[in-house]
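Working through the structure, step by step
Residue-level listing of the chains:
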Amino acid sequence: SIIEAMMIGKPVVATNIRGSREEVINNVTGLLVPTKDSELLFKAFEKLITDKKLTLQFGKKARNRAIRCFAESKIIKNQLEIIEKQYLLKKRVLKN
């Protein structure tokens, strides 16, 4: 998966769709290509295969982003905060 690849410092080539574009920052942590465009997909892979410096740069930034944004502990904490807010809101509504 995208996040797992980023966690181990790998740049990502993905299609520019919902989900992928929230995880991958184009030309920073990897490359996003339009859907159904095999030529651009090929060129994206070719770019990373031939430019080792860029691959390492994207990989390092991908890992930093994955740790900062998608670490399991952070996701769980965010989910618990949302649940707690909803609980408190519902509790207030039921009181009134």
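Heads up: the structure comes first, above all this text.
Presented here is an overview of the structure given in this document. Along each chain, residue indices are assigned from 1 in the same order as the chain's sequence is written. Where local features are concerned, this predicted model is filtered to residues with pLDDT of at least 70; where side-chain atom pairs are given and counted, the filter is 80 or more; whole-chain, interface and lining totals use all residues. Heavy atoms from the whole structure form the basis of all side-chain values; hydrogens and water molecules are not counted.

**Quick word on the overall build of the protein**
- Think of it this way: any DSSP run of H or I at least four residues long counts as a helix, any run of E at least two long counts as a strand, and we number them from the N terminus. In terms of regular secondary structure, the protein is built from 5 helices and 2 strands.
- Secondary structure elements of the protein occur, N-terminal to C-terminal, as α-β-α-β-α-α-α.
- Radius of gyration here is computed from C-alpha atoms only, and the compact-globule reference equals 2.2 Å multiplied by the residue count raised to the power 0.38. Taken against the 2.2 N^0.38 rule, which gives 12 Å for 96 residues, the C-alpha radius of gyration of the protein at 18 Å runs more than 25% over that of a compact globule.
- For the C-alpha atoms alone, the extent of the protein along its principal axes is close to 65 × 25 × 15 Å.
- By definition, residues are in contact when any of their heavy atoms lie within 4.5 Å. Pairs at least 24 residues apart make up 45% of the contacts formed inside the protein by residues separated by at least 6 positions.
- Averaging the positions of the 20 positive and the 10 negative side-chain charges in the protein gives two centres separated by 8 Å. The sign given to each residue is positive for Lys and Arg and negative for Asp and Glu; His and the chain ends receive no count. Where a charge lies is defined by one atom per residue type, namely NZ (Lys), CZ (Arg), CG (Asp) and CD (Glu).

**Considering the packing of helix H4 (residues 52-70) against helix H5 (residues 72-95)**
- Packing of H4 against H5 brings their axes to within 6 Å, and their N-to-C directions diverge by 30 degrees. Judged by the angle between their axes, H4 and H5 are roughly parallel. Where H4 abuts H5, its residues Arg68, Cys69 and Phe70 lie against Glu72, Lys74 and Ile75.
- In this classification, Asp, Glu, Lys and Arg are treated as charged, Ala, Val, Leu, Ile, Met, Phe, Trp, Tyr, Cys and Pro as nonpolar, and every other residue, Gly included, as polar. In terms of residue class, the contact of H4 with H5 is built from 3 nonpolar, no polar and 3 charged. A fitted line through C-alpha atoms represents every axis, and for helices the fit uses only the stretch in contact; the resulting angles, taken between N-to-C directions, go from 0 to 180 degrees. Small angles under 35 degrees read as roughly parallel and large ones over 145 as roughly antiparallel, with 65 to 115 read as roughly perpendicular and the rest as oblique.

**Quick notes on the side chain of Ser20**
- Position of Ser20 among the secondary structure elements: in helix H2 (residues 20-23).
- For Ser20, the residues in contact, after removing those within four places along its chain, are Ile2, Ala14, Thr15 and Leu32.

**Description of the pairing of strand S2 (residues 30-33)**
- The alternating pattern of S2 places Gly30 and Leu32 on one face and Leu31 and Val33 on the opposite face, and all of these are buried.
- By this definition, two strands are paired if DSSP reports at least two bridges between them. As paired elements, strand S1 (residues 12-15) and S2 share 4 bridges and run parallel to each other. The partner of Val13 across the bridge, within S2, is Leu31. Burial classes: relative accessible area under 20% of the type maximum marks a residue as buried, over 50% as exposed, and values in between as partly exposed (1.4 Å probe, protein chains only).

**Let's talk about the side chain of Thr29**
- Counting through the fold element by element, Thr29 comes out in the loop between H2 and S2.
- N or O atoms within 3.5 Å of each other form a polar contact, as long as, within protein, one can give a hydrogen and the other can take it, and as long as residues adjacent in sequence are counted only when both atoms are side-chain atoms. A polar side-chain atom of Thr29 sits 2.9 Å from the main-chain amide nitrogen of Ile25.
- For Thr29, the residues in contact, after removing those within four places along its chain, are Met6, Pro11, Val12, Glu23, Val24, Phe58, Lys61, Ala62 and Arg65.

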